[in-house]
Amino acid sequence: MFSERLLRRLGPKRRTLPMVAEHVRLDTYPPPYPAGWYPLCASDEVEPGQTKFIQALGEQLVVYRANSGRLGLLDAYCPHLGSNLAGGRVRGECIECPFHRWNFAADGQVQSIPNVDTPARSLKTRAWSVREIDGHIAMWFSPDRAKAADASYQPDYELEPLEEVDDGRLVFRGQHDAGTIRMHLCEFAENSVDFQHFGPIHGKMMVPWLGFKIPGVNVQHVASWEADAEQSHKAYFCNEAVIEIAGRVLPKTRASATITFYGPAGFTTFRITLPELGDIVIYHTHLPVEPLLQHVRFRWYAAPNIPRLLVSYVVGNWIAQWREDIAIWENKVYRSKPMLIANDGPVHKMRRWFAQFYPAQTDVIRAAAE
Ligand code: FES
Ligand SMILES: [Fe+2]
C-alpha cells in the first residue's frame, strides 16, 4: 500500500503545536502497558529459520521461528552473559546464542551447552506466550512481572481468529503500517466513548487515504458502546453513519460499522457490512513501543466479490478519519476527573471496563472512574 510518509505529504497540511515534555503528559495517564495481547509484527516477517529483535512494552524480546514453523518468544538478552539472541541462529526447535552457543527452546529452557552433557533444569530464560492470528504474531503481556516470568501462567483470555478467514468467506486484501503515534494506548478506547467528538472531528466526508475534506458533504454519526456480557475482555463500539448534503440526509447512504476491542486495544477489528456484497474487516492494532508511543498497523480482509477499489475506498476512508484524531491524541493529557456533561458518552463506564487490564490496580482505577 502507500507509505504513511507519502500520504501525509500529499494530504492536507496540519497545524503543529509546540511539544510539551512527554513526562508532563505521561504523569496524567494510567500505567502505560495494560495486560493484553499485542501484535509484534506480521507473520511473514519471521519465516522458518529467522529471528527478529523487538523492543516494546518495556521489554527487549526475540521472536524466532523454528524450522518446523513453531514460534518462540524469549527475552532477547541471554541470561548467561547478556548477548542478544536475535543475532543467533535457529537450530531445530531452539535458538542458539551467538556468544557461547547455548541453545534455548521455546519454553525458555536451556537444551544444550557446548562441552556440557546435561544442562541443569534451573538454566532457563524468560519465555512469553506467543500466538499467530490472521497474519499477525501476537504476544501476551502482563504488567505483573512475576506472572509473566512463570512459564505455567496462562493468558487471561485468548484471541479469536476470524472464522471467515479460515473458511474463505473473507480474503486478505492489504495492510498499511502507519508508523508510531505519540499517544497512550487508552486513547483509542477513550475515543470510542467520546460521542461528542464525532461531529467536530469526523463530521466531514473525506477523500479516502489522503484526508482532504469534501466541501458541503457532511457525515452524521450515531454511536453506542457496550462491554460484552460474557467475555469481559471484549467491548463493542457501534457507529451508524449517514451522509448529509446541504442539510438533506441521504438515507440510502446509511451504513453501520462495529469496532470490537479484544482487550485494551492491542487488537481491535473494524467490521463494516456492505448490503448484498458482504463484509470488510480491518484489524486496527497497537503495539506500545514506549510509554506514550504506539506502533499502529492496519491489515484487512474482505468478501472476495467486493471490488478491490471499493475495499480500498472503505479502508482509506477509515484511515483518513482515524488520522484526524492524531493531532488531538499527540497533544493531550488524561483527565482522571473529567468535567463531563449529560450528552457526553459513557466515559466512566468504559474506564471501569478498561481497569480490568491493570490487575494489580483494578480497584484503584475503577474507584477513580466512579
Ligand atoms: S551470552 Fe549467551 S551463551 Fe553466553
Ligand atoms: Fe475519533
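A. View of helix α7 (residues 308-329). Its 22 residues place the ends of α7 31 Å apart at the C-alpha level, agreeing with the 32 Å of an ideal helix rising 1.5 Å per residue. Every buried residue of α7 is listed here: Val-311, Val-314, Val-315, Gly-316, Trp-318, Ile-319, Ala-320, Trp-322 and Arg-323. Looking at the buried positions of α7, the neighbouring elements they touch are β11 (171-181), β12 (204-206), β16 (267-274), β17 (278-290) and β18 (293-302).

B. Inspection of the sheet that holds β12 at higher detail. Strand order in the open sheet formed by eight strands is β11-β18-β17-β16-β15-β14-β13-β12, with antiparallel pairing between adjacent strands. Whereas interior strands pair on both sides, the edge strands pair on one side only; in this sheet they are β11 and β12. The average undirected angle you get between the axes of adjacent strands in this sheet is 30 degrees. As defined by bridge partners, strand β15 (residues 248-262) adjoins β16 across six bridges and the pair is classed as antiparallel. Residue Ala-257 lies in a different strand from β16, and its bridge partner there is Ile-272. Strand contacts of α7: β11, β12, β16, β17 and β18, with the helix running at about 15 degrees to β11, the strand carrying the most contacts.

C. Focus on the domain arrangement of the chain. Domain boundaries in the chain define domain 1 (6-16 + 163-368) and domain 2 (36-148). Put simply, the middle of domain 1 and the middle of domain 2, counted by C-alpha atoms, are 33 Å apart. Taken together, the contact pairs 19 residues of domain 1 with 14 residues of domain 2. Elements with a minimum of two residues in the side of domain 1 that touches domain 2: β11, β17 and β18. Ranked by residue count, the leading element in the side of domain 1 that touches domain 2 is β17, at five residues. Of the residues assigned to the side of domain 1 that touches domain 2, the class counts are 13 nonpolar, four polar and two charged.

D. Layout of unusual backbone geometry. For Leu-57, which is not glycine, the phi torsion reads 55 degrees and is therefore positive. Among the structural elements, Leu-57 can be located in the loop between β2 (51-56) and β3 (59-65). On the basis of neighbour counts, which here come to 25 C-beta atoms within 10 Å, the residue Leu-57 falls in the buried class. One non-glycine residue, Trp-209, lies in positive phi territory at about 65 degrees. Tracing the chain through its elements places Trp-209 in the loop between β12 and β13 (213-227).

E. Spotlight on helix α8 (residues 347-354). Of the positions making up α8, those classed as buried are Met-350, Arg-351, Trp-353 and Phe-354. Down the axis of α8, the buried side of the element spans an arc of 155 degrees, and every buried residue falls inside it. Taken together, the buried residues of α8 touch α5 (186-193), β13 and β14 (234-245).

F. How the structure looks around the pairing of β15. By the bridge criterion, eleven bridges tie β14 to β15 in an arrangement that is antiparallel. Counterpart to Asn-239 in the pairing with β15 is Ala-257. Following β14, the chain reverses through two residues before pairing antiparallel with β15; Ala-246 in that reversal takes a positive phi of roughly 50 degrees. Where β15 folds back onto β16 in an antiparallel hairpin, the turn is made up of four residues, including Gly-263, whose phi is positive at roughly 95 degrees.

Cut-offs used in this document
What you see as residue numbers is a count from 1 along each chain, following the sequence as written. The naming scheme follows written order: chains are lettered A onward, ligands numbered 1 onward. Reporting in this predicted model follows two pLDDT cut-offs: at least 70 for local features of residues, and 80 or more for side-chain atom pairs to be given and counted; totals over whole chains, interfaces and linings ignore these cut-offs and use all residues. Numbering of helices and strands runs from the N terminus; a helix is a DSSP stretch of H or I covering at least four residues, while a strand is a stretch of E covering at least two. Here the expected span of a helix is defined as 1.5 Å times the quantity of residues minus one. Any residue surrounded by 20 or more other C-beta atoms within 10 Å of its C-beta is treated as buried, while 12 or fewer makes it exposed and the intermediate range makes it partly exposed; C-beta atoms here are placed from the backbone. Residues are treated as contacting if the C-beta atoms built from their backbones sit within 7 Å of each other. Each pair of strands is called paired provided DSSP finds at least two bridges between the two strands. Each axis is a line fitted through C-alpha atoms, taken for helices only over the stretch in contact, and angles between the N-to-C directions span 0 to 180 degrees. Marked domain ranges trace back to an automatic or database domain assignment. For this classification, Asp, Glu, Lys and Arg are treated as charged, while Ala, Val, Leu, Ile, Met, Phe, Trp, Tyr, Cys and Pro are nonpolar and the rest, including Gly, are polar. Here, the arc refers to the directions that run from the helix axis to the C-beta atoms.

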